[in-house]
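The primary structure of each chain is shown beneath.
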Amino acid sequence: MAKKEYSFYPGCSSQQGASSSNMQKSVETMCEELDVTLNQIPDWNCCAASIGYGGGGELPRLTLSARNIALSEQHNTGQDIVATCAACWLATREAAERFHEDDGLMAETNQALAEAGLKLKNETPIRHMVEVLIEDIGYDTIGGKVQRPLEGLKIAGYVGCQTNRPFGIAGESFENPMYLDKLVETLGADPVKNYDKKVQCCGGALAFSEPEKSQDMIKTIIESAYDSSADMIVTPCPVCQMNVEIYQDQINQRHNTKFKMPVVYYSQLMDVAFGRSAKDSALDQQVIKAGKLEALAKK
Amino acid sequence: MADEKKFAGYICTGCGIGERLDAGQLETIATRDGKMQSCRQHEMLCSKEGVQTIRDDIANEGVTHIMIAACSRRAKVEAFNFTEVAMSRANLREGVIWVRPDTDENRETTQEMADDYIRMACAEVKFMTQPTGSGEQELNKQILVVGGGITGMTAALETAAAGYPVHIVEKSGVLGGHAGGYYKSIPTRSPYAEPQDTGISQMIADVEANDSITVHLNSTLARTEGAPGRFNAEIATESGSSETLSFGAIIQATGFKLYDPSALPQYAYDKSADVVTNEELEGLVMQADGGPIKRPSDGKAVESVAFVQNVGQNSTEENELPYHSGIGDMIAIKQAMYFKELNGNCDTTILFDNLRTPGAAGEDFYRAGQQKMITFSKGAVTEVVPGSTLEVKFKDLILNDDATMQCDLVVLDVGMMPNTGPDPYAQLAVEEAEDEAEKEKARALLENAPPSILNLEYRQGTDLPHLKYGFTDSHFICFPYETRRTGIYAAGPTRRPMDMRQAADDAAGAAMKAIQAAENAGKGRAAHPRSGDLSFPSFRKEGCTQCKRCTVECPFGAINEDEKRYPIFNEARCRRCGTCMGACPVRVISFENYSVDTVGQQIKNVEVPEEWDEKPRILVLACENDAYPALDQSAMNGVEITQWARVVPVRCLGSISLSWITDSLNNGYDGIVLMGCQKGEDYQCHFVKGSEMGLERMSKVGDTLQTLNLEPERVASYEVAITDIQRAPKLINDMAETVQNIGMSPFKF
Amino acid sequence: MTELNTAMIEQYRNSFLQEVEANVEEGEWVKMCMQCGVCAGSCPLGNAWEHPPQEIFMMIRAGKREAVLSSDSMWMCTSCYNCISRCPRGLPITHIMHGLAHYAQRLGLVPKNQPTQRFAQMFWQNLNKKGRVNELKLGLSLYFMNGFGEGVKTSLKMKDIGLGMLKTKRMAVTEAFGGHGVKDLSGFQKIMKKAHELEDARIQKSGN
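Residues numbered from 1 in each chain as written. Chains lettered and ligands numbered in written order. Predicted model: local features only at pLDDT ≥ 70, side-chain atom pairs only at ≥ 80, totals over all residues.

### Observations regarding the overall build of chain A
So, point 1. Counting its regular elements, chain A contains 12 helices and 8 strands.
So, point 2. Here the C-alpha atoms of chain A give a radius of gyration of 19 Å, agreeing with the 19 Å that 2.2 N^0.38 yields for 299 residues.
So, point 3. Counting only C-alpha atoms and orienting by the principal axes, one finds that chain A spans roughly 55 × 45 × 35 Å.
So, point 4. By residue count, 63% of the 299 residues in chain A fall in the buried class.
So, point 5. Taking as baseline every contact in chain A between residues at least 6 positions apart, the subset at least 24 positions apart corresponds to 76%. (Helix = DSSP H or I, 4+ residues; strand = E, 2+ residues; numbered from the N terminus. Rg over C-alpha atoms; globule rule 2.2 N^0.38 Å. Buried ≥ 20, exposed ≤ 12 C-beta atoms within 10 Å, placed from the backbone. Contact = placed C-beta atoms within 7 Å.)

If you want it as structure tokens, here you go:
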């Protein structure tokens, strides 16, 4: 397999000591196995996510992404930008599209970038890691790498919002995307068919400001996984992963439930299936331990 | 030699018939019981060779009547097309082998079924004559168009373009109709973003320049009599002069009237000059002559306008329209665009309840309106308060609160009402009323009826029958433009509410139908649905009791009465449904190829086994348009039908003679199933009222059963659709079960 | 009432819709709503909106400026994009809601103590400070946004979560002192300053 290189945009929460550093770790392991090189965009900045709208107007918000794309075009010339975080991917791609549609905005953002000697060409495809897996690598190759099939695991594939809408993965529907289930199947596990809350919002953006509203949504996502006897939830999105995982105790207190549902990343499943250790798969960074997956990793 | 009848039978053994049935026995039945003078078998009768065998017999042996025992009469019609002889078909394939299981224990009853169908077909053909037409027919290519609006003019231009001369009779002094007074029309071309020129002036010029079109302005029809091919219409002018011309067919394109909003005081239509109908607004725009539209009260250029949609439409209230015209919202968008075009930055608000902008064109036009900053508000207007500035009070249906807006002008979206003559059935109702009180009621209704348009000298009344809400009768999917007056076609908004584009399409369709009707009349052929049938009803005058059932029940008003109240059949108006034949209590009406005998003899020639044989017989009379094809379909799908059933196709349930029912009960049939089409306002009957007439007649069968001391369940009538391919056989099988439960008929001799 | 707000009222006396078209991100789409309500039915927080999107659109067209801009509703958006993917007219509803919320904030019309607005503002400030979000500081400033006493209570309530994150190395105390950031901070800040200036100028211009 030819080595694949991408211009990588990790995002704030993937940094060391940040909330999805576990995703970063497991993605790095996954890329080693798949012979993929990720070249970080030098000196990248925050994308402002979606919640950035409150403080930042259209131009300042989009200019954050413009800077990242410009840096990538300057230093990682010719490489597609790849993000692992749904919000980073969405914000960057949205910015790129808006600049394509609106020449005025494009001119203004370049005026701003010029202050630091940067220039946006906006010629770079902005892609999600899942797209790389499906389109550039393919299920067959991934299946071929499996050394330790995840047999006996029933997994609810939780796609969430921003990996799925408004762009989504080519060929998938917004209402019932199937790629996560296909991936789970490729790794030898048993995907939950018709997982009811597959694309339900977890309320991530409002987790801090409207915790009760957000946790009510999280509750339905976990409940539905229990209803279909899932051993764990898998997701591609760091906001989803954190939200669904870490508030379970609070939900238990408020609703008198006994949730203890592990929530892992697709990359962690792949690492274990590819034969890597629990540590390489960042399973030690689970707040709710994924016991069955860890047990497999020890085999 | 020519008068001598020679009968020949042909039995096909293809498609599995030969394997499933004893063809030799069938042949014996045909010659011995059926009295066929000759009978041949062929392994594929519909093949070139098979058909040639029959042709040779006709040419060389002088065969005049043939009985073909093969597939359904609806199959292989191109192959078995022998116009010079009378022909019957025994349905051994769809009627017998495809509906019965191929097992040993069923072999006997399957053969018996086939034997009976042979007997029936032989009996039928014996009473048939190959129709030749009456000689009454004549070809008159001239077409009359009533109404000179967009529909009438389009119909005239289309007719003329096809090479048929046309006369337009227009009541007013100008051509153009409503559309003649419009500024612009709803767009008919992509991108559907702007109102477009109505094209009316050009159309008027085209009509006037066309040598094949004669226009009669300020004229009406004083009298119309005759039939397709020979309509005589007296065209009277306002000045009192008149001339009578002859036409092959007529198109009624009399358009619409607008609902009068005076009946709804909440809109202040009578109180403020600045409240106008959508049609009146067109007048204001024309007056503005390219400048800003001015409000009527003081001539101020309009700076804000509110369109109130759905005024008095889709309503259950009395004095309002129970239907929606469907185009008012497109008109409002068009007219709001007038203001955007002519009145600068005019505020335009469309207050709608449900916005109806059908089709891709409608959606594009709606979006174009939004792009032009027309405000669309979902709101129910409760009151318009008159004043120097009008105040429109409405309930905002999205925000669920009471709102008010100020504007210079209010435009009311009022509905279209058909411009039709009085309903013949309202006229007949007076005559048919059973007591004086009912008669009075019917008369009162008639007094409110509009004046006649066609002034037909028809037994059943002066104009086209209505269906719903006063629109002329027409099945909008199956038979558009058709009316219940053969050779007279309705087009445009007299038929249903529609816009100019639809009216023009309608006109073209009606023009083609009118030409077809004139041509058919010239050849003595029936119009749809028995297209091409040359038979026509005749009656035995000496037996007629002048009871008028036939003249009253004919769904097409085809039959007039002479001075002595004997029927005059008007062959060219007749659709050959046979409702007159079924209605006749003394059975004197018949067609050459369809009569009380052609069916009655089939019924009589079925072999009815003795009671102790425990082989019941169920007679099925199935409409040839829907029920019979449904049964053919179910046979193709291998749905079983009871071995006791014997199915006879009829032209229409309306043609069923009560004598067939009484005769079959007397002959020992154990059950009877009647299958006609859906009746009523949503009718599917190809003869519109035939099925209804038939079912009405059958509701009186109870008396007959009572006289015979038979159970009422033995006769069942159903409305069956062509899609009922599972249900139709089930209804027959249900009757077999009923017979099983109540026992065999005691009338088996 | 802010000066800008007064200027805007003056300028768009007749048409709030025109004001929205000129000043709100993707605002030119508002007129294209056909009031089907699919957005309202698709919103995961639908019940929390006093006015669901199609109502907001209707209110804009009806000129209810004050009611729209001081509404709490847009701040309920979770940015799930369900409304965008389902809108039969293809309106970028999520963006319009964000745009309206931002415009309301710019004019100073947001209801007092709207929690999402405050969080969004902190988030924006936090990321602008060093070019990257400092999750620890963001969390702490959030807990203490209603004063020290409230902050201690909230922190206590959240302490288990914080501990869980610390234990799994998904939160680092070191972030409290400096932490991650872009290297070319001055360049970054110059870019952002210019972007703000350009945007402010555009809106000021529309108000004159």
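### What about the overall build of chain B?
So, point 1. The secondary structure content of chain B amounts to 21 helices and 29 strands.
So, point 2. Taking the principal axes of the C-alpha coordinates as reference, chain B spans close to 95 × 60 × 60 Å.
So, point 3. Buried residues in chain B amount to 52% of all 749 residues.

### Things to note about the sheet that holds strand β26 (residues 618–623) of chain B
All names here are of chain B.
So, point 1. With parallel pairing, the 4 strands of this open sheet are ordered in space as β27-β26-β28-β29. Looking at the sheet topology across the chains shown, the edges are occupied by β27 (645–650) and β29 (715–719). Across the sheet, the axes of successive neighbouring strands diverge by a mean angle of 15°, strand direction being ignored.
So, point 2. Here 5 bridges tie strand β28 (residues 671–676) to β29, and the two strands are oriented parallel to one another. Directly across from Gly676, in β29, lies its bridge partner Glu719.
So, point 3. Against the sheet, helix α21 (residues 727–742) engages β26, β27, β28 and β29, with an angle of about 160° to β28. (Pairing = 2+ DSSP bridges. Axes fitted to C-alpha atoms, helices over the stretch in contact; angles between N-to-C directions.)

### Let's talk about the interface of chain B and chain C
So, point 1. Contacts between chain B and chain C engage 10 residues on the former and 9 residues on the latter.
So, point 2. Counting only elements with at least two residues in the side of chain B that touches chain C, the list comes to α10 (359–371) and β16 (375–385) of chain B.
So, point 3. The class makeup of the residues in the side of chain B that touches chain C is 4 nonpolar, 3 polar and 3 charged. (Nonpolar A, V, L, I, M, F, W, Y, C, P; charged D, E, K, R; others polar.)

### With respect to the sheet that holds strand β8 (residues 219–225) of chain B
The strands that make up a sheet are held in pairs by hydrogen bonds between backbone atoms, and each pair lies either parallel or antiparallel.
All names here are of chain B.
So, point 1. What the 3 strands build is an open sheet, ordered β8-β9-β10; its pairing is antiparallel. Of all strands in the sheet, those bounded by a partner on one side alone are β8 and β10 (242–247). Direction aside, neighbouring strands of the sheet carry axes that sit 25° apart on average.
So, point 2. Sheet topology places strand β9 (residues 231–237) next to β10; 6 bridges connect them, and they run antiparallel.

### Structural notes on the interface of chain A and chain C
So, point 1. Between chain A and chain C, the residue contacts involve 51 residues of the former and 55 residues of the latter.
So, point 2. Elements that contribute at least two residues to the side of chain A that touches chain C include exactly α1 (21–34), α2 (58–75), α4 (103–113) and α8 (211–227) of chain A.
So, point 3. Per-element tally for the side of chain A that touches chain C: the top contributor is α2(A), with 5 residues.

### Focus on the packing of helix α6 (residues 150–161) of chain B against helix α13 (residues 500–523) of chain B
All names here are of chain B.
So, point 1. Close contact between α6 and α13 brings their axes to 8 Å; oriented N to C, the two are set at 40°. On the basis of the axis angle, α6 is oblique to α13. Where α6 crosses over α13, the handedness of that crossing is right-handed. Contacts between α6 and α13 involve Ile150, Thr151, Thr154, Ala155, Glu158 and Thr159 on the former and, on the latter, Met500, Ala503, Ala504, Asp506, Ala507, Ala508, Ala510, Ala511, Ala514 and Ile515. (Parallel < 35°, antiparallel > 145°, perpendicular 65-115°, else oblique. Left-handed = near helix turned anticlockwise from the far one by under 90°.)

### Some thoughts on the arrangement of the chains
So, point 1. Pairwise contact counts over the 2 pairs of chains in contact peak for chains A and C.
So, point 2. With respect to C-alpha atoms, chain A approaches chain B no nearer than 19 Å, and the pair has no contact.

### Comments concerning unusual backbone geometry
So, point 1. Residue A:Arg165 is joined to A:Pro166 through a cis peptide bond whose omega torsion reads 0°.
So, point 2. Inspection of the secondary structure assignment puts A:Pro166 in the loop between β5 (154–157) and α7 (179–186).
So, point 3. For the peptide bond that leads from B:Ser190 to B:Pro191, omega is 10°, which places it in the cis range.
So, point 4. The topology assignment puts B:Pro191 in the loop between β6 (166–169) and α7 (200–209).
So, point 5. Backbone geometry at A:Asn122 places phi at a positive 60°, although glycine is not the residue there.
So, point 6. With respect to the secondary-structure elements, A:Asn122 resides in the loop between α4 and β4 (126–128).
So, point 7. Since 19 C-beta atoms lie within 10 Å of it, A:Asn122 is described here as partly exposed.
So, point 8. We note that B:Tyr192 has phi near 55°; this positive angle belongs to a residue other than glycine.
So, point 9. Topologically, B:Tyr192 is positioned in the loop between β6 and α7.

### Section: the domain arrangement of chain A
Residues and elements named next belong to chain A.
So, point 1. Each assigned domain of chain A is listed with its residue range as follows: domain 1 (4–129) and domain 2 (143–298).
So, point 2. Each of domain 1 and domain 2 has a C-alpha centre, and these two points are 25 Å apart.
So, point 3. Contact residues are listed per partner, giving 20 residues for domain 1 and 23 residues for domain 2.
So, point 4. Elements with a minimum of two residues in the side of domain 1 that touches domain 2: α1 and α3 (86–101).
So, point 5. When residues in the side of domain 1 that touches domain 2 are grouped by element, the largest group, 9 residues, is from α1.
So, point 6. When its residues are assigned to classes, the side of domain 1 that touches domain 2 shows 8 nonpolar, 9 polar and 3 charged. (Domains from an automatic or database assignment.)

### Concerning α2(A)
So, point 1. Compared with the 26 Å implied by 1.5 Å per residue over 18 residues, the 26 Å span of α2(A) between its first and last C-alpha is a close match.
So, point 2. With 16 of 18 residues buried, α2(A) lies mostly within the body of the structure. (Expected span 1.5 Å × (residues − 1).)

### Here's the deal with α6(B)
All names here are of chain B.
So, point 1. Between its first and last C-alpha atoms α6 spans 16 Å; for 12 residues at 1.5 Å apiece the expected length is 16 Å, and the two agree.
So, point 2. All buried positions along α6 are accounted for by Ile150, Thr151, Gly152, Met153, Thr154, Ala155, Ala156, Leu157, Glu158 and Thr159.
So, point 3. Lining the buried residues of α6 we find β5 (143–146), β6, α7, β7 (213–216), β11 (249–252) and α13.

### With respect to the domain arrangement of chain B
So, point 1. According to the domain assignment, chain B consists of domain 1 (1–130), domain 2 (143–255 + 449–523), domain 3 (266–418) and domain 4 (608–749).
So, point 2. Taken over C-alpha atoms, the centre of domain 1 of chain B sits 69 Å from the centre of domain 3 of chain B.

### Points about the pairing of β8(B)
Successive side chains on a regular strand alternate, one facing one side of the sheet and the next facing the other.
Residues and elements named next belong to chain B.
So, point 1. Judged from the 6 bridges that link them, β8 and β9 form a sheet pairing that is antiparallel. Paired with Arg223 across the strands is Glu234, a residue of β9.
So, point 2. Between the end of β8 and the start of β9, which pair antiparallel, lie 5 residues, with Gly226 showing a positive phi angle near 110°.

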